[in-house]
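In case you want the letters, here they are:
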Amino acid sequence: MRDGYPSDDELRENFEEVLAAVLSGDGPRTATGLDDVTQTALWAIFKAYPDVTPELVDAAKRGLAGQLDGSNAARWEADMEKWFQEREQRKLAREQQERAE
């Protein structure tokens, strides 16, 4: 059992192993430490096999870069914040409508 998060070097190594696997038609393995953005891009390669385009590989590499620089997590947090704000606005609108009725 792993203690803590994988290092950037471990993530890069895991990514290269999974990328090689999906490029040869094998499915991505789990518990790699790779985030959802990167995993989704790797699954897209697997699903496209054997017709993998360079764009799919580039998307996976961008996914890993985003994980390593924190931009994937920042985007996810911003999306969640927006979702919660919209949810709160819908709740307030419902409450106002109920009071008006």
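Please refer to the structure placed before this passage.
My aim in this report is to walk through the structure given alongside it, one point at a time. Model, not experiment: these values are computed from the prediction. Note on numbering: residues in each chain are counted from 1, in written sequence order. Residue-level local features of this predicted model are given only where pLDDT is at least 70; pairs of side-chain atoms are given and counted only at 80 or more, and the full residue set underlies all totals for whole chains, interfaces and linings. Side-chain figures throughout are based on the complete set of non-hydrogen atoms in the structure, without hydrogens or water.

### Quick word on the overall build of the chain
Right, on to step 1. Secondary structure summary: the chain contains four helices and zero strands in total.
Right, on to step 2. When its helices and strands are written in sequence order, the chain yields α-α-α-α.
Right, on to step 3. Two things to know: the radius of gyration comes from C-alpha atoms, and the globule rule equals 2.2 Å times the number of residues to the power 0.38. Its C-alpha atoms give the chain a radius of gyration of 19 Å, more than 25% over the compact-globule value 13 Å for 101 residues.
Right, on to step 4. A buried classification covers 25% of the 101 residues belonging to the chain.
Right, on to step 5. Across the chain, the fraction of contacts at a sequence separation of at least 24, relative to all contacts at a separation of at least 6, is 47%. For helices the rule is a DSSP run of H or I covering at least 4 residues; for strands it is a run of E covering at least 2, with both sets numbered from the N terminus onward. Only protein chains enter the accessibility calculation, which uses a 1.4 Å probe; a residue whose area is less than 20% of its type maximum is buried, one above 50% is exposed, and one in between is partly exposed. Whether two residues are in contact is decided by their heavy atoms: any pair within 4.5 Å suffices.

### Quick notes on the packing of helix 1 (residues 8–23) against helix 3 (residues 54–69)
Right, on to step 1. Two elements in contact, helix 1 and helix 3, have axes whose closest approach is 11 Å; the angle formed by their N-to-C orientations is 165 degrees. By the angle class used here, helix 1 and helix 3 are roughly antiparallel. Both helix 1 and helix 3 take part in a crossing whose hand is right-handed. Of the residues in helix 3, those touching helix 1 at Asp-8, Leu-11, Arg-12, Phe-15, Leu-19 and Leu-23 are Val-57, Ala-60, Lys-61, Leu-64, Gln-67 and Leu-68.
Right, on to step 2. In the scheme used here, Gly and all other residues not listed as nonpolar or charged are polar, with Ala, Val, Leu, Ile, Met, Phe, Trp, Tyr, Cys and Pro taken as nonpolar and Asp, Glu, Lys and Arg as charged. Tallied by class, residues from the contact of helix 1 with helix 3 come to eight nonpolar, one polar and three charged. Between N-to-C directions, angles cover 0 to 180 degrees, with each direction set by a line fitted to C-alpha atoms, over the stretch in contact for helices. Convention used here: angles under 35 degrees read as roughly parallel, angles over 145 as roughly antiparallel, angles from 65 to 115 as roughly perpendicular, and any remaining angle as oblique. Two helices cross in a left-handed way if the nearer one is turned anticlockwise from the farther one by less than a right angle. They cross in a right-handed way if the turn is clockwise.

### Re the pattern of salt bridges
Right, on to step 1. Criterion for a salt bridge: a side-chain nitrogen of Lys or Arg within 4 Å of a carboxyl oxygen of Asp or Glu. Tallied over the full model, the rule gives four salt bridges.
Right, on to step 2. Here Asp-9 ties to Arg-12 by a salt bridge, and the two come within 3.2 Å at their closest N and O atoms. On the criterion of helical spacing, the pair formed by Asp-9 and Arg-12 is a turn pair, its members being three residues apart in helix 1.
Right, on to step 3. Among the ionic pairs, Glu-86 bridges to Lys-82, the shortest N-O distance being 4.0 Å. Highlighted residues: Glu-86 and Lys-82, both in helix 4 (residues 71–100), separated by four residues, approximately one helical turn.

### Focus on the nonpolar core
Right, on to step 1. Listed in full, the twelve residues of the largest apolar core are Leu-11, Phe-15, Val-18, Leu-19, Val-22, Leu-34, Ala-41, Leu-42, Ile-45, Val-57, Ala-60 and Leu-64.
Right, on to step 2. Elements with a minimum of two residues in this core: helix 1, helix 2 (36–48) and helix 3.
Right, on to step 3. In terms of residue count, the dominant contributor to this core is helix 1 (five residues).
Right, on to step 4. Excluding residues that lie within four positions of it along the chain, Ala-41 makes contacts with Ala-59 and Ala-60. Nine residue types can take part in a nonpolar core, namely buried Ala, Val, Leu, Ile, Met, Phe, Trp, Tyr and Cys, and a core is a set of them joined through side-chain atoms within 4.5 Å.

### Topic: the environment of Thr-53
Right, on to step 1. Structurally, Thr-53 is set in the loop between helix 2 and helix 3.
Right, on to step 2. Remark: the alpha-carbon pair of Thr-53 and Ala-78, spanning 25 residues in sequence, is separated by 30 Å.

### Thoughts on the layout of surface pockets
Over the atoms rolls a probe the size of a water molecule, and its path tells where empty space is left.
Right, on to step 1. Only protein atoms enter the 1 Å grid used here. Points where a 1.4 Å probe fits but cannot escape make up a cavity, open sets with protein on both sides within 12 Å along at least five of seven lines make up a pocket, and a residue lines them when an atom lies within 4 Å of a point. Grid points are joined across faces, edges and corners, and a volume is the space filled by probe spheres set on the points. Put simply, the largest pocket is a space of about 210 Å³.
Right, on to step 2. What lines the largest pocket is simply Leu-11, Asp-35, Asp-36, Val-37, Gln-67, Gly-70, Asn-72, Ala-73 and Trp-76.
Right, on to step 3. Going through the elements one at a time, helix 2 and helix 4 are the ones with two or more residues in the lining of the largest pocket.
Right, on to step 4. Tallied by class, residues from the lining of the largest pocket come to four nonpolar, three polar and two charged.

None of the figures reported here should be taken as evidence of function without further support.
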